[in-house]
Protein chains: 2
Amino acid sequence: MTSDAPLGVFEEQVMLGVIRTGDEAYGMNVRRELERVTGREVSIGAVYATLDRLEAKGLVTSRRAPGGARRTFAVMRPGMVMLAETRAIRERLWRGIDLARLPVLA
Amino acid sequence: MTSDAPLGVFEEQVMLGVIRTGDEAYGMNVRRELERVTGREVSIGAVYATLDRLEAKGLVTSRRAPGGARRTFAVMRPGMVMLAETRAIRERLWRGIDLARLPVLA
DNA sequence: GTAGAATGTTCTACATTGTAGAAACTTTTC
DNA sequence: GAAAAGTTTCTACAATGTAGAACATTCTAC
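Residues numbered from 1 in each chain as written. Chains lettered and ligands numbered in written order. Predicted model: local features only at pLDDT ≥ 70, side-chain atom pairs only at ≥ 80, totals over all residues.

## Thoughts on the interface of chain A and chain B
Size of an interface: often given as the accessible area lost when the parts come together. Contacts between the two partners involve 25 residues from chain A, matched on the other side by 25 residues from chain B. Every element with two or more residues in the side of chain A that touches chain B is listed here: helix H1 (9-21), helix H2 (27-38) and helix H4 (77-94) of chain A. Looking at the side of chain A that touches chain B element by element, the count peaks at 8 residues for H4(A). In terms of residue class, the side of chain A that touches chain B is made up of 19 nonpolar, 4 polar and 2 charged. (Contact = placed C-beta atoms within 7 Å. Helix = DSSP H or I, 4+ residues; strand = E, 2+ residues; numbered from the N terminus. Nonpolar A, V, L, I, M, F, W, Y, C, P; charged D, E, K, R; others polar.)

The following block contains the structure:
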């Protein structure tokens, strides 16, 4: 149940971007969605490199409409599991921490 | 308000580990806390390498009790800010996503 | 007080992930 | 059918993740 090798932060973001854009999840669109939601610039190269790596790991699939230019992606079950695990672990680490009530140095 | 360069996942974990262990936040202890909470093995080298990088970025400080062996760490204000930002962005990306109700391929 | 065990830190080396941007390819528009 | 717009691929490098052995310090028992 606990597949090893944690997701990197950008990997997680990209997967979430794919899920968020649903049917329309091709590279450029994922990029746009990520920029929209995070408010940060995302280079297109970064998106594809990450998508390719996720696909190589079997967390994501891609297909291209016959004779089409766009390559659309979808998150596969193992990807979902990874996302869930990643989140659960983080949840536990954050539990009980309230940054606002914390003594700070400098 | 939005300092650039996102935190890596292990960087975030280590900072949370430092916060969690409070006064007792020296390397070995942070490691133990991380293993306890995440349920995964963490190599001590990884912890220190990360701690050193975080210190180099000014997100964390360390000091050693005079003539003591242990080096204890604490998260500094910029580190807190980073943690908060990292979390906020992720929150936005996850908002509205429910992994349980999602069509999956394979 | 000293040898050995236990605890803790540093160092080195390499694997994986993050990132940018130009090149190449497709589709659309005129 | 050529230029423009949109999309993907490729290449190269930077930053982060990771392991483990070497080294230093403290503790314990004698």
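## Considerations on the protein's contact with DNA strand D
Near DNA strand D lie 27 residues; those nearest to it are Gly27(A), Gly8(B), Ser43(B), Gly45(B) and Ala69(B). Elements with a minimum of two residues in the surface near DNA strand D: H2 and helix H3 (44-56) of chain A together with helix H1 (9-21) and helix H3 (44-56) of chain B. Here the surface near DNA strand D gets 6 residues from one element, more than from any other, and that element is H3(B). Considered class by class, the residues forming the surface near DNA strand D number 15 nonpolar, 8 polar and 4 charged. (Near = placed C-beta within 6 Å.)

## Things to note about the relation of the copies chain A and chain B
Under the fitted operation, chain A is carried onto chain B by 0.0 Å of movement along the axis and a turn of 180°, and the coordinates agree to an RMSD of 0.0 Å. Interpreted geometrically, this transformation is the action of a two-fold axis. Among all residues of chain A, the minimum C-alpha distance to the rotation axis is found for Val9(A), at 3.0 Å. Most of the interface of chain A is mirrored in chain B: 100% of its interface residues are interface residues there too. (Least-squares fit on C-alpha atoms with pLDDT ≥ 70 in both.)

## Things to note about the packing of H1(A) against H3(A)
Residues and elements named next belong to chain A. Relative orientation of the contacting elements H1 and H3 amounts to 90°, with a least axis distance of 10 Å. The angle between the axes of H1 and H3 places the two elements in the roughly perpendicular class. Across from Phe10, Glu11, Val14 and Met15 in H1, the residues of H3 making contact are Ala46, Val47, Thr50, Leu51 and Leu54. (Axes fitted to C-alpha atoms, helices over the stretch in contact; angles between N-to-C directions. Parallel < 35°, antiparallel > 145°, perpendicular 65-115°, else oblique.)

## Some details on H3(B)
Residues and elements named next belong to chain B. Between its first and last C-alpha, H3 extends 18 Å over 13 residues, near the 18 Å set by a 1.5 Å rise per residue. If you check which residues of H3 are buried, you get Val47, Thr50, Leu51 and Leu54. With its buried residues spanning 100° around the axis, H3 presents them on a single face. Within H3, the exposed residues directed more than 90 degrees away from the buried face are Gly45, Asp52 and Ala56. For H3, the secondary structure elements touched by its buried residues are H1, helix H2 (27-38), strand E1 (60-64), strand E2 (71-75) and helix H4 (77-94). (Expected span 1.5 Å × (residues − 1). Buried ≥ 20, exposed ≤ 12 C-beta atoms within 10 Å, placed from the backbone. Arc of directions from axis to C-beta.)

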